[in-house]
Amino acid sequence: MAKRIVQLQHVHKKFGTHTVLEDVSFNLDQGEIVGLIGPSGAGKSTIIKVTLGMEKADGGQITVFGEQMPQRQLLKKIGYMAQNDALYDSLTAYENLEFFAQMKGVSAKEIPAQIDHAAKIVDLKNQIKQRVGSYSGGMRRRLSLAIALLGNPPLIVLDEPTVGIDPALRRQIWHELSRLRDDGHAILVTTHVMDEAELTDRVALLLDGKLIANDKPKILEKQYQVANIEEVFLKAEGDLA
Amino acid sequence: MRIWAITKRVLKQLLRDKRTLALMFIAPLVVLALMSYIFSVNMTSNVTIGTVGVSQTLQKDLNKVQHVKVKAYSSKQKAQTALKNEQVDSTLEKRHNNFYATYANTDSSKTKLAKTALQTVLKQEKMNGLIQQFKQVQQKLPATAAQQQPKTKQTTPKIHNDYRYGNGNSTFFAKLMPILMGFFVFFFVFLISGMALLSERTSGTLERLLVTPVRRSDIIYGYMLSYGLIAVIQTLLIVIFTVTVLNVQVLGSLWLVLLITILLALVALSLGIFTSTFAKSEFQMIQFIPIIVIPQIFFSGIIPLESMANWAQWLADVLPMKYAADALTAVIMKDATFTQIAGDLLALLIFIIVLTAGNIWGLRRYRKV
Ligand SMILES: Nc1ncnc2c1ncn2[C@@H]1O[C@H](COP(=O)(O)OP(=O)(O)O)[C@@H](O)[C@H]1O
Ligand SMILES: [Mg+2]
């Protein structure tokens, strides 16, 4: 059996009186890509934040690598890409990558090779000396992704990584994610683009803070007797109403 | 090593922001030069006194007073019109052996100057009159008695002026300079570091940073190191400029001046970071200036603290500028030694430690470890 990387059990989260996560339980194992799918405002980013210890859950158990978050040392093994591009505009792409590599504790010797590798995956090699302030939205997104991949972390958490990225590159990025999965990385991806769900090993459908389905895309499609995940989603939503 | 990487990154960002650089390094010099000019001008304001029916000798005496000019008018009406039209700053009329002075009083320094000149000259006139009377009395006395009078020296004693600090041309600006120097360091470091951290917050880079294994304290120390360095450069520039261009004298050790300003910069930095926690936008950060920055200058010793009410003195005690201004004034104007300003330095250090601890703790908002 594959190693369990992330485990959420009966997690609750409220912002004020507004319940954002309600009894969410799900796992992520080594060597799999799990897609967290749901409309915007469903609570996808919140799941990621409580998992990484950026927000405190109000109830339930969360473990990452078998340990309770938050744990500073565990963050070494996690590559995170936030939903908003948190980049330093006055620095070049290279300097951004270098800085975050240093923060992640990548050794000085390895940094150039790591940056080179990450930039190649997101196809930014030619613009790496440019200041990020002059980047387009898609380029910023790709740079954020490259930062998440630095240091070859065993757990990769990506919050809407493909927003604003054109189809050819999107395919290339998913291809790369599959390759990382095959290397034994555990990958958690959120998206509100339903057809990307087909590319994951397992989808967790999130609606209004509740997990309404959690299985392989093919199994879900069969179970709901539809052709794709989008229809699964619509049907599940209808069942709930 | 993460501290150093953060320091380098913050410095890099600063160096690429030309506008901020100008604000930090050029703006203080321009403002200091302007203030120096303004205060030197203020010292040499001239007054014109319009006289009516005043004796020739008195007019001459008044004219001899520095920065005072006399214009004689034939009637009271003419003098009053001149006063109204701002041709003269005050009028002096002699009626039935009494003097009547009217001041325009639109500029209190001019009024003061005219008043002083009149008083001095009138006193002198009175003295002259007394001397005349005395001489007349003396002449009537028997010659023997006059001979017994001790010989008074004919030469009037000269006053030799000596200045412990600066020279006879020292202006109010010289007294203000140490305080201003501290204030500029405080103000610009507060504003710019506060803004820098605020933009890390709003752009999400701070949150992003805290999802790496970096220590919360590393971030704060990295900022302190970079802004400490900026403060050194800024202070050196200000000191060199005021000493060489504005001819202000630094009596004490330049190292002590640097030490004080670095500590002050670190206070300003931690206060800026602390304040930015409560701001959601750059505009909100600006709104803190009247609350946090402006009082610092009122209670920094420009107006003597001893003359203030108790509550005001207590307020001054919790404002870091007071200690920095105190120490800077002592070193620059009185050649104070390290031990003499140790109390002030300790106070600044306490501010730094408390605020820094608060800032490191405050980052728990983004990560609990
Ligand atoms: N810091 C916060 N304070 C208050 N409400 C929040 C906060 N973060 C998210 N929410 C609310 O929680 C809900 C889920 O947000 P989020 O997890 O960002 O959704 P998603 O990522 O699926 O679009 C939304 O209704 C949002 O308004
Ligand atoms: Mg989201």
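Residues numbered from 1 in each chain as written. Chains lettered and ligands numbered in written order. Predicted model: local features only at pLDDT ≥ 70, side-chain atom pairs only at ≥ 80, totals over all residues. Heavy atoms only, no water.

Draft legend 1. Region of the structure containing the confidence of the model for chain B. All names here are of chain B. Summarising the model, chain B shows a mean pLDDT of 83, and 90% of its residues fall at 70 or more. Mean pLDDT values for the elements of chain B range from 52 in helix α7 (residues 143-148) up to 94 in helix α1 (residues 2-16). Overall fold confidence for the complex sits at a pTM of 0.79, while the interface term, ipTM, reaches 0.87. (pLDDT = per-residue confidence, 0-100. Helix = DSSP H or I, 4+ residues; strand = E, 2+ residues; numbered from the N terminus.)

Draft legend 2. Broad picture of the nonpolar core. By size, the foremost hydrophobic cluster in this structure holds 127 residues, and its most contacted members are L143(A), L177(A), I219(B), Y223(B), Y227(B), I260(B) and I341(B). Counting residues per element, this core draws most heavily on helix α8 (residues 172-203) of chain B, at 20 residues. Those residues in contact with I219(B) that lie beyond four places of it in its chain are I6(B), L206(B), L209(B), L210(B), V214(B) and L363(B). Within the second largest apolar cluster, 33 residues are counted, among which are F26(A), L28(A), I62(A) and I78(A). (Core = buried A, V, L, I, M, F, W, Y, C linked by side-chain atoms within 4.5 Å. Buried < 20%, exposed > 50% of the residue type's maximum accessible area, 1.4 Å probe, protein only. Contact = heavy atoms within 4.5 Å.)

Draft legend 3. Summary view of the sheet that holds strand β1 (residues 4-15) of chain A. Residues and elements named next belong to chain A. Strand order across the open sheet formed by four strands is β2-β1-β4-β5, with antiparallel pairing between neighbours. The sheet is open, and its two edges are formed by β2 (18-29) and β5 (67-68), each paired on a single side. The pairing of β1 with strand β4 (residues 59-64) spans five bridges and is antiparallel. Bridging across to β4, Q9 finds its partner in Q61. (Pairing = 2+ DSSP bridges.)

Draft legend 4. Structural context of the site of ligand 1. Residue and element names in this part refer to chain A. Neighbouring ligand 1 are F15, H18, V20, P39, S40, G41, A42, G43, K44, S45, T46 and Q83. A42 places a polar main-chain atom, nitrogen or oxygen, 3.2 Å from an oxygen atom of ligand 1. K44 places a polar main-chain atom, nitrogen or oxygen, 2.8 Å from an oxygen atom of ligand 1. Burial of ligand 1 by the protein chains amounts to 61% of its free accessible area of 560 Å². Counting only elements with at least two residues in the shell around ligand 1, the list comes to β2 and α1 (44-52). If you tally residues by element for the shell around ligand 1, the top one is α1, at three residues. Among the residues making up the shell around ligand 1, the classes are represented as four nonpolar, seven polar and one charged. (Near = heavy atom within 4 Å. Polar contact = N/O pair within 3.5 Å; in protein donor to acceptor, adjacent residues only side chain to side chain. Areas by Shrake-Rupley, 256 points an atom, 1.4 Å probe, with all protein chains shown as cover. Nonpolar A, V, L, I, M, F, W, Y, C, P; charged D, E, K, R; others polar.)

Draft legend 5. Just the pattern of salt bridges, in detail. Summed over the entire model, instances satisfying the criterion amount to 24 salt bridges over all chains. In this structure, K12(B) engages E95(A) in a salt bridge whose closest nitrogen and oxygen atoms are separated by 3.6 Å. Residue K12(B) is located in helix α1, and its partner E95(A) is located in helix α2 (residues 93-104); the two belong to separate chains. Classification of E95(A) by relative accessible area gives buried; the value is 13%. A salt bridge links E95(A) to R16(B); the shortest N-O distance between them is 2.7 Å. Placement of E95(A) in helix α2 and of R16(B) in helix α1 is noted, with the two residues assigned to different chains. According to the relative accessible area criterion, R16(B) is partly exposed, its value standing at 23%. Where salt bridges share partners, they join E95(A), K12(B) and R16(B) into one cluster. (Salt bridge = Lys/Arg side-chain N within 4 Å of Asp/Glu carboxyl O.)

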